[in-house]
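# Remarks on the overall topology
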Amino acid sequence: MCSLAGSVPNNSGAVAALLEATKHRGPDAAGFVDIGMVTIGTNRLAIVDPKAVDLCPAKLGKWVMAYNGEVYNHRDLRKQMRRRTFRTQTDTETVLHAWTLWGEDALPKLNGMFAFAITDGRKVHLVRDRAGEKPLYYYWDGSVFAFASEPQALAQVFRLSLRNDTFFETFEYCRGTTLWEHIEEVLPGEIVTFTCATKKLHRKKWWTPQPYPLDTRHLDEQLEELLGDAVRIRLMADVPVALYESGGIDSSLIRSFLPEDAGVYPGLTFDETADHGGAFRAALPQMVKHLGTPVGSFSPYGLWWLGHEAHRRGIKVVLSGEGADELFGGYGRMALFDHVLRARQF
């Protein structure tokens with residue numbers, strides 16, 4: 001997963017504490033540096049080129065970057081930067097070079113999931129991927145600006161109070177705001193820029209959804225091509241890869257698109273028919289702590305159990321069918337939209 005953290009003005013103690021609070025996200029390497037008025041650091045989970053060093057954080061010229069993510073087309077991007085010299089095979093280094101070459105114009109070129117902070121010591125840019133797959137939060141109280149991959153880490157280090165100005169309806173949806181005062185979420189497709197000298201914070205969208213060109217005569221073929229490509233590019237790893245496999249449509253579809261030579265670890269499964277009462281009660285405090293935001297279902301427990309099983313087997317990368325119901329209308333409550341769409345056709 002990796003995690004990132006930082007503070008303006010410089011505060012090595014706070015950044016060290018933020019990294020300590022999120023070290024479960026990146027146990028393979030850690031570090032932070034001071035640059036100008038900024039302290040910035042990273043915990044790394046090594047997936048691509050795991051032996052690469054000096055990436056916590058990554059440095060190039062005047063820029064320092066703390067990075068969490070996977071950019072699947074990073075090798076193609078390197079072909080567009082042939083004059084650049086790379087010392088690792090990581091997408092971290094690719095993204096850093098892309099920023100120093102193209103600035104914000106590099107962001108639409110990135111195909112993947114990512115959240116990163118990049119600074120020259122005068123400004124800090126917080127960037128989040130299109131869909132918000134990778135988390136990123138910031139704290140701003142008018143005098144201290146800080147950021148981290150988990151809101152609860154910021155709340156713990158800066159001893160923040162729970163906010164009382166927001167009602168989280170049915171605990172199902174929490175977007176933009178958080179449970180704590182002065183902590184906000186960097187939104188999907190957003191870049192937040194903080195200017196150190198003037199203490200000005202600016203938010204803007206670097207990406208908004210656009211219509212996708214569809215050939216209505218060949219929708220099945222287009223969908224199959226997109227799904228196959230989505231599975232294929234996510235096999236980019238120099239460590240074992242596994243699949244959360246339930247036997248349902250989502251994970252079975254992913255399994256069907258895996259190349260025969262993919263080398264994916266045998267599927268990880270969760271037995272929903274077993275009695276998990278005691279284990280669930282024991283795990284609940286830690287689950288709530290790590291979720292960081294309200295969740296109105298019991299589904300995190302199954303993922304929690306699977307995550308522990310993957311960790312026990314030494315697996316760092318897992319393919320999952322999570323999110324398919326949202327994309328393809330798999331929930332019963334979405335049947336209404338199907339009726340509306342069908343009605344519009346007549």
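Scroll up for the structure.
Within any chain, residue numbers begin from 1 and follow the written order of that chain's sequence. Where local features are concerned, this predicted model is filtered to residues with pLDDT of at least 70; where side-chain atom pairs are given and counted, the filter is 80 or more; whole-chain, interface and lining totals use all residues. Hydrogens and water are ignored here; the side-chain numbers use all heavy atoms of the structure.

### Topic: the packing of helix α5 (residues 219-233) against helix α6 (residues 249-257)
Axis geometry follows a simple rule: fit a line to the C-alpha atoms, using only the stretch in contact for helices, then measure angles between N-to-C directions, giving values from 0 to 180 degrees. Each helix corresponds to a stretch of at least 4 residues labelled H or I by DSSP, and each strand to a stretch of at least 2 residues labelled E; elements are numbered beginning at the N terminus. Between α5 and α6, whose axes approach to 9 Å, the crossing angle comes to 80 degrees. Put simply, α5 runs roughly perpendicular to α6. From α5, Glu224, Leu227, Gly228 and Val231 reach across to α6, where they touch Leu253, Ile254 and Phe257. Across the contact of α5 with α6, the residue classes break down as 5 nonpolar, 1 polar and 1 charged. Here is the rule for angles: anything less than 35 degrees is roughly parallel, anything more than 145 is roughly antiparallel, 65 through 115 is roughly perpendicular, and the remaining ranges are oblique. Any two residues whose heavy atoms approach within 4.5 Å are treated as being in contact. Residues were grouped as follows: Ala, Val, Leu, Ile, Met, Phe, Trp, Tyr, Cys and Pro as nonpolar; Asp, Glu, Lys and Arg as charged; and all remaining residues, including Gly, as polar.

### Examining the sheet that holds strand β5 (residues 63-71)
In this analysis, strands are considered paired if DSSP registers two or more bridges between them. Strand order in the open sheet made by the 6 strands is β4-β5-β6-β7-β11-β12, with antiparallel pairing throughout. With one partner strand each, in any of the chains shown, β4 (58-60) and β12 (200-205) form the two edges of the open sheet. On average, each strand axis in the sheet is tilted by 20 degrees relative to the strand beside it, whichever way the strands run. Judged from the 5 bridges that link them, strand β6 (residues 112-119) and strand β7 (residues 123-128) form a sheet pairing that is antiparallel. Along β7, the bridge assignment pairs Phe116 with Val127.

### Observations regarding the pattern of salt bridges
By definition, a salt bridge exists where a carboxyl oxygen of Asp or Glu is found within 4 Å of a side-chain nitrogen of Lys or Arg. Under the defined criterion, the tally for this structure stands at 15 salt bridges. The shortest N-O distance in the salt bridge between Lys204 and Glu104 comes to 2.8 Å. A residue pair is termed long-range when its members are at least 10 positions apart, and Lys204 in strand β12 and Glu104 in the loop between α3 (91-102) and β6 qualify at 100 residues. Three labels apply to residues, based on accessible area from a 1.4 Å probe with only protein chains included: buried if under 20% of the type maximum, exposed if over 50%, partly exposed otherwise in between. By relative accessible area, Glu104 is classed as partly exposed at 31%. One salt bridge connects Arg255 with Glu245, and the closest N-O pair in it is separated by 3.1 Å. With a gap of 10 residues between them, Arg255 in helix α6 and Glu245 in the loop between β13 (241-243) and α6 connect regions that are remote in the sequence. A single salt-bridge network, built from bridges that share partners, covers Glu309, Arg312 and Arg313.

### Looking at the packing of helix α7 (residues 277-291) against helix α8 (residues 299-312)
For the pair α7 and α8, interaxial distance at closest approach is 10 Å and the crossing angle is 95 degrees. What the angle tells us is that α7 and α8 run roughly perpendicular. The segment α7 lies against α8, with Ala279, Phe280, Ala283, Gln286, Met287, His290 and Leu291 engaging Pro300, Tyr301 and Trp304. For the contact of α7 with α8, the class distribution of residues is 8 nonpolar, 2 polar and no charged.

### Notes on the packing of aromatic side chains
A pair of Phe, Tyr and Trp rings is counted when the ring centres sit within 6.5 Å of each other, with Trp represented by its six-membered ring. The angle between the planes then sorts it: under 30 degrees is stacked, over 60 is edge-to-face, the rest tilted. Under the criterion given, the structure shown has 14 aromatic pairs. Ring plane angle 80 degrees and centroid distance 5.5 Å describe the contact between Phe280 and Tyr301, whose orientation is recorded as edge-to-face. One end of the pair, Phe280, is in helix α7; the other, Tyr301, is in helix α8, and 21 residues separate them in sequence. Ring-pair connections join several aromatic residues into one group, and the members of that group are Trp63, Tyr67, Trp99, Phe114, Phe116 and Trp206. It is Arg78 that lies over the ring of Phe86; its NZ or CZ is 4.1 Å from the centre. Geometrically, a charge over a ring is one whose NZ (Lys) or CZ (Arg) sits within 6 Å of the ring centre while staying within 35 degrees of the ring normal. We note Lys109 situated over the ring of Trp102; from NZ or CZ to the ring centre the distance is 4.7 Å.

### Some words on a nonpolar patch on the surface
On the surface, Tyr212, Leu214, Leu219 and Leu226 cluster together to form a nonpolar patch covering roughly 400 Å² of accessible area. Among the secondary structure elements, Leu219 is positioned in helix α5. Residues enter patches when they are more than 30% accessible in relative terms and free of salt bridges; like-charged ones are connected within 9 Å and nonpolar ones (Val, Leu, Ile, Met, Phe, Trp, Tyr) within 5 Å. Computed by Shrake-Rupley with a 1.4 Å probe, the accessible areas treat only the displayed protein chains as cover when residues are assessed.

### Here we look at the state of the cysteines
Working definition: a disulfide is two cysteine sulfur atoms within 2.5 Å of each other. The final tally for this structure, using the stated rule, is 0 disulfides. Of the cysteine sulfurs around Cys2, a residue in no disulfide, the closest is that of Cys56, at 7.5 Å. According to the relative accessible area criterion, Cys56 is buried, its value standing at 16%.

### A short note on unusual backbone geometry
Of the consecutive residues Val8 and Pro9, the connecting peptide bond is found in the cis state with omega at 0 degrees. Mapped onto the secondary structure, Pro9 falls in the loop between β1 (3-8) and α1 (12-21). Following Cys56, the chain continues to Pro57 via a peptide bond in cis, the omega torsion being -5 degrees. Its place among the elements puts Pro57 in the loop between β3 (38-44) and β4. Despite not being glycine, Asp54 has its phi angle at roughly 60 degrees, a positive value. With respect to the helices and strands, the residue Asp54 is situated in the loop between β3 and β4.

### Some points on the nonpolar core
Core analysis: the biggest nonpolar cluster contains 22 residues, and Trp99, Leu110, Phe114, Phe116 and Val127 have the highest contact counts within it. Listing elements by their share of this core, those giving two or more residues are β5, α3 and β6. Apart from the residues lying within four places of it in its own chain, the contact partners of Phe116 are Leu4, Met65, Ala66, Tyr67, Val95, Trp99, Leu107, Leu110, His125, Leu126, Val127 and Leu136. Nonpolar cores are built from buried Ala, Val, Leu, Ile, Met, Phe, Trp, Tyr and Cys residues. Side-chain atoms within 4.5 Å join them into one set. Listed in part, the 19 residues of the second largest apolar core include Val38, Phe147, Phe194 and Cys196.

### With respect to α7
For a helix, the expected span equals 1.5 Å multiplied by the residue count minus one. Its 15 residues place the ends of α7 20 Å apart at the C-alpha level, agreeing with the 21 Å of an ideal helix rising 1.5 Å per residue. Bend is the name given here to the angle between axes fitted to two runs of seven residues, the run ending at a residue and the run starting at it. By the largest-angle criterion, Leu284 marks the main kink of α7, which is about 45 degrees, and a proline, Pro285, follows within four residues. Within two residues after α7, Gly292 carries a phi angle of roughly 80 degrees, on the positive side.

Function cannot be read off these values alone, since they describe shape.
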